[in-house]
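One-letter residues, chain by chain:
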Amino acid sequence: MQTVLNYLKENKQRQLDELVEFLRIPSVSADPKHAADVRKTAGFVASALTKAGADNVRIHDTKGHPIVYGEKIVDPKKPTVLVYGHYDVQPPDPLNLWTSGPFEPVIKKTDLHPDGAVFARGSCDDKGQVYMHIKAFEAMMATDSLPCNIKFLVEGEEEVGSSNLEDFCRANKDLLACSVILISDTSIIANNCPSLTVGLRGLSYLEVEVVGPNRDLHSGVYGGAVGNPVNILCEMIASLKDKKGKITIPGFYDDVVRLKPAERKDLNKAPFKIKEYTKDLGIKETRGEDGFTVIEQTSIRPTLDVNGIWGGYIGEGAKTVLPSKASAKISMRLVPNQQSDKITKLFTKHFEKIAPKSVKVTVKPHHGGEAAVTPTDTPEYAAAMKAMKTTFGKNPIPVRSGGSIPIVALFEKVLKVKTVLMGFGLDSDNIHSPNEHYGLFNYYKGIETIPYFFRYYADAKK
Ligand code: BES
Ligand code: MN
Ligand code: MN
């Protein structure tokens, strides 16, 4: 291990310089204007893999953005780790809230990152974490210490639902055959408190439209007699939760797995301070489902949230108008055993049912995905624990995350392989938000931990 560590130490500045170049390319998958940038980013990943020593590096075209593949097979009899990650990023807006350009990476110090953090869209989610793997791989190759086979699968559509990756997996089961999947696209509790993610929530995402009169109307001439779609949409959305924070859609909770008291107790052992939480977010108190802690509300319980809502006049000044339509984007985070398609159907049926006759409602499903739970009694989980213990000096705590990586459940279904979620970000790194950043401590700690994972995993499988 010492030679890898020496190699990493000698190449620190270059590891950062290259990441900065990677982050400069605006790989926004949701925005068709950036399609060429997304492709360029795929090229960057492919060439980084080749330079690091990967074979059979390919950029696979899809109906959407390309998928990058690369591998190093040291011995077909040895186990194979498939590293998955995504090089696409969320749109950077609102731009005016960034303190520096989202695609002009700069290093700044923060309270939680006294050694500095690189500020850029994708720095934490997930380009920075993907690049840790490429640099760890490079180090193992350069020091002749890669102890088992490795495959890389880096996609460009995670932030828009991974639908082409799903087809790619089904069509390339042999190419992707592996003994374990390793993903760094999640967070740790704190830099002095490592954790491993053992669960992710699922997702059902949809868009609703409420249409009233056939045109915008004068709100004085017609107001009072004609149902206002914006008011009606608000009433309908408000009715989706009761006073106790329970979702009112019939059947919504039917399949929800209820944890045993002991399991809930374990979950709540993770360090959490409500005062720090509310202070960090600038809120007076939290507001969630009665009877559950914040940790539970954000991990083992499903949610329903409006992600965006619009309709009527939103320009300067006032315009007295009774709008013809209103819309909203709504997401529901799901927990084990709930099925995304089923929940989408239940929502649609209910939403159509509660609409007053004065409006027409349409519900358009977007992407979805299933929740995942990763086992903790496997050689790969033990290897990840031991690797983190080695580099952080503390055993990682298992945590269930509230976020979603829908491909994890799919990997399990299609490739029949379990995943290790060994991410290194912090929840406060502003992913999907202005001023996303990734701590240099976290970046280097990741690069250092990954070779240990390979070492311990390969040893355990001998
Ligand atoms: N890396 C995140 C998911 C994540 C973040 C998991 C933090 C755990 C902790 C991923 O890129 C993501 O944003 N996923 C989307 C889902 C996707 C279908 C758009 C999400 O969770 O909103
Ligand atoms: Mn991600
Ligand atoms: Mn994301």
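This one's a predicted model, so the numbers in the text were calculated from it and none came from an experiment. Going along each chain's sequence as written, the residues are numbered from 1 onward. Labels are handed out in written order, letters beginning with A for the chains and numbers beginning with 1 for the ligands. A pLDDT threshold of at least 70 governs which residues receive local features in this predicted model, and a stricter bar of 80 or more applies before side-chain atom pairs are shown or counted, although totals over entire chains, interfaces and linings include all residues. Heavy atoms throughout the structure, all of them, feed into the side-chain values; hydrogens and water do not.

**Focus on the overall build of the protein**
Secondary structure follows DSSP: runs of H or I at least 4 residues long count as helices, runs of E at least 2 residues long count as strands, and numbering of each begins at the N terminus. Along the protein, the regular secondary structure elements total 13 helices and 20 strands. A compact globule built from 462 residues would reach a C-alpha radius of gyration of about 23 Å, and the protein, at 23 Å, matches this within 12%. In terms of principal-axis extent, the alpha carbons of the protein reach across some 80 × 50 × 45 Å. The rule is simple: take the accessible area with a 1.4 Å probe, protein chains only, and divide by the maximum for that residue type; under 20% is buried, over 50% is exposed, in between is partly exposed. Taking all 462 residues of the protein together, 53% fall into the buried category. Taking contacts inside the protein between residues at least 6 apart in sequence as the whole, the part at least 24 apart equals 79%. Approximately 21700 Å² of the protein is accessible, and the part contributed by carbon and sulfur atoms is 52%. Averaged over its 60 positive side-chain charges, the protein has a centre that lies 4 Å from the centre of its 55 negative ones. Just to be clear, the radius of gyration here is over C-alpha atoms, and the globule rule we use is 2.2 Å times residues to the power 0.38. Throughout, a residue-residue contact means that at least one pair of heavy atoms, one from each residue, lies within 4.5 Å. Here, Shrake-Rupley sampling with a 1.4 Å probe gives the accessible areas, and only protein chains in the shown set may cover a residue. Lys and Arg are tallied as positive, Asp and Glu as negative. Neither His nor the chain termini are counted. A charge is said to be at NZ when it belongs to Lys, at CZ for Arg, at CG for Asp and at CD for Glu.

**Section: the side chain of His 350**
Mapping His 350 onto the fold places it in helix α10 (residues 340-354). When its relative accessible area of 13% is taken as the criterion, His 350 is described as buried. Other than its neighbours up to four places away in sequence, His 350 contacts Leu 240, Thr 248, Ile 249 and Pro 250.

**A few points about the coordination of the manganese ion (ligand 3)**
Only nitrogen, oxygen and sulfur atoms qualify as donors, and only when within 2.8 Å of the metal (3.2 Å in the case of Na, K and Ca); with water excluded, sites may look incomplete. Taken together, Asp 125 (OD), Glu 159 (OE), Glu 159 (OE) and His 432 (NE2) make up the protein donors of the manganese ion (ligand 3), found 2.0 to 2.5 Å from the metal. Here a site with four donors is tetrahedral if all angles are between 85 and 135 degrees, and a site with four or six donors is square planar or octahedral if opposite donors are over 155 degrees apart and the other angles are between 65 and 115; anything else gets the irregular label. Taken together, the 6 donor atoms coordinating the manganese ion (ligand 3) and their angles of 56 to 155° define a geometry best described as irregular. A separation of 3.6 Å is found between the manganese ion (ligand 3) and the manganese ion (ligand 2), both of which receive a donor from Asp 125. Placement of Glu 159 in the loop between β6 (149-155) and α5 (163-171) and of His 432 in the loop between β19 (425-426) and β20 (437-439) is noted, with a sequence separation of 273 residues between them. Classification of Glu 159 by relative accessible area gives buried; the value is 13%.

**So, the coordination of the manganese ion (ligand 2)**
Here the manganese ion (ligand 2) is held by the protein donor atoms His 86 (NE2), Asp 125 (OD), Asp 185 (OD) and Asp 185 (OD), which lie 2.0 to 2.4 Å from it. Bound by 6 donor atoms, the manganese ion (ligand 2) shows angles of 57 to 166° at the metal and therefore irregular coordination geometry.

**Re the domain arrangement of the protein**
For the domains described, the bounds stem from an automatic or database domain assignment. Annotation of the protein at the domain level lists domain 1 (2-200 + 371-460) and domain 2 (202-256 + 302-369). Each of domain 1 and domain 2 was reduced to a C-alpha centroid, and the two centroids are 36 Å apart. With 10 residues of domain 1 at the contact, the number on the domain 2 side is 9 residues. In this description, buried area is defined as the sum, over both parts, of the accessible area (probe of 1.4 Å) that is lost when the two are combined. Both faces considered, domain 1 and domain 2 share a buried interface measuring about 610 Å² in area, 59% of it formed by carbon and sulfur atoms.

**What to know about the site of ligand 1**
Consider each residue's heavy atoms; a residue with any of them within 4 Å of a molecule or strand counts as near. Not every one of the 17 residues close to ligand 1 is listed here, only the nearest: Glu 158, Asp 185, Arg 333, Ser 404 and His 432. Throughout this description, a polar contact denotes any pair of N or O atoms lying within 3.5 Å of each other; where both atoms belong to protein, one of them has to be capable of donating a hydrogen while the other can accept it, and for residues adjacent in sequence the pair is counted only when both atoms sit in side chains. Between ligand 1 and His 86 there is a distance of 3.2 Å, counted from an oxygen atom to a side-chain nitrogen or oxygen. A total of 520 Å² of accessible area belongs to ligand 1 in isolation, and the protein chains cover 90% of it. Each residue gets one of three labels, nonpolar for Ala, Val, Leu, Ile, Met, Phe, Trp, Tyr, Cys and Pro, charged for Asp, Glu, Lys and Arg, and polar for the others, Gly among them. Looking at the shell around ligand 1, its residues break down into 5 nonpolar, 7 polar and 5 charged.

**Some points on the sheet that holds strand β14 (residues 325-334)**
When DSSP finds at least two bridges between two strands, those strands are taken to pair. Taken in spatial order, the 4 strands make up an open sheet running β12-β14-β10-β15, and their pairing is antiparallel. Each edge of the sheet is formed by a strand with only one pairing partner; in this case those strands are β12 (303-311) and β15 (360-369). For this sheet, the mean angle separating the axes of adjacent strands, direction not counted, is 15°. Relative to β14, β12 runs antiparallel, the two being bridged by 8 bridges. Axis lines are fitted to C-alpha atoms, over the contacting stretch for helices. Their N-to-C directions set the angle, which ranges from 0 to 180 degrees.

**Structural notes on unusual backbone geometry**
The residue after Asp 93, namely Pro 94, is reached through a cis peptide bond having omega 5°. Relative to the assigned elements, Pro 94 resides in the loop between β3 (80-86) and β4 (106-108). Of note, the amide linkage connecting Asp 125 to Asp 126 takes the cis form, showing an omega dihedral of 0°. With respect to the helices, strands and loops of the structure, Asp 126 is situated in the loop between β5 (117-119) and α4 (127-142). At Asn 430, a position not held by glycine, the phi torsion is positive, near 60°. As for its placement among the helices and strands, Asn 430 is situated in the loop between β19 and β20. Classification of Asn 430 as partly exposed rests on a relative accessible area of 28%. Look at His 432: it is not a glycine, yet its phi comes out positive at around 65°.

**Quick notes on the side chain of Glu 289**
Locating Glu 289 in the fold gives a position in the loop between α8 (274-281) and α9 (294-297). Accessibility expressed as a relative area gives 6% for Glu 289, which makes it buried. Once residues within four sequence positions are removed from consideration, Glu 289 is found in contact with Lys 244, Gly 245, Lys 246, Tyr 253, Gln 297 and Arg 301.

**Describing the nonpolar core**
A general trend in soluble globular proteins is that nonpolar side chains are found buried together. Grouping buried Ala, Val, Leu, Ile, Met, Phe, Trp, Tyr and Cys residues that are joined through side-chain atoms within 4.5 Å yields what is termed a nonpolar core. In this structure, Val 81, Ile 134, Met 422, Phe 453 and Phe 454 are the most contacted members of the largest nonpolar core, which totals 62 residues. Examining the composition of this core, we find that 11 residues originate from one element, helix α13 (residues 440-460), more than from any other. Beyond its immediate sequence surroundings of up to four residues, Val 81 is in contact with Cys 148, Asn 149, Ile 150, Lys 151, Val 180, Leu 182, Phe 453, Phe 454 and Tyr 457. Residues Val 208, Met 236, Met 332 and Phe 351 belong to the second largest nonpolar core, which totals 27 residues.

**Observations concerning the sheet that holds β20**
Spatially, the 3 strands line up as an open sheet ordered β4-β5-β20, and their pairing is antiparallel. Edge positions in the sheet fall to β4 and β20, since each has one partner strand and no second. Mean inter-strand twist for the sheet, computed between neighbouring axes without regard to direction, equals 30°. Relative to β20, α13 is tilted by about 60°, and along the sheet it contacts β4, β5 and β20.

**Quick look at the environment of Ala 52**
Within the secondary structure, Ala 52 is located in helix α3 (residues 35-52). Judged by relative accessible area, which is 5%, Ala 52 ranks as buried. A sequence separation of 90 residues divides Ala 52 from Ala 142, and the C-alpha atoms of the two residues are 8.1 Å apart.

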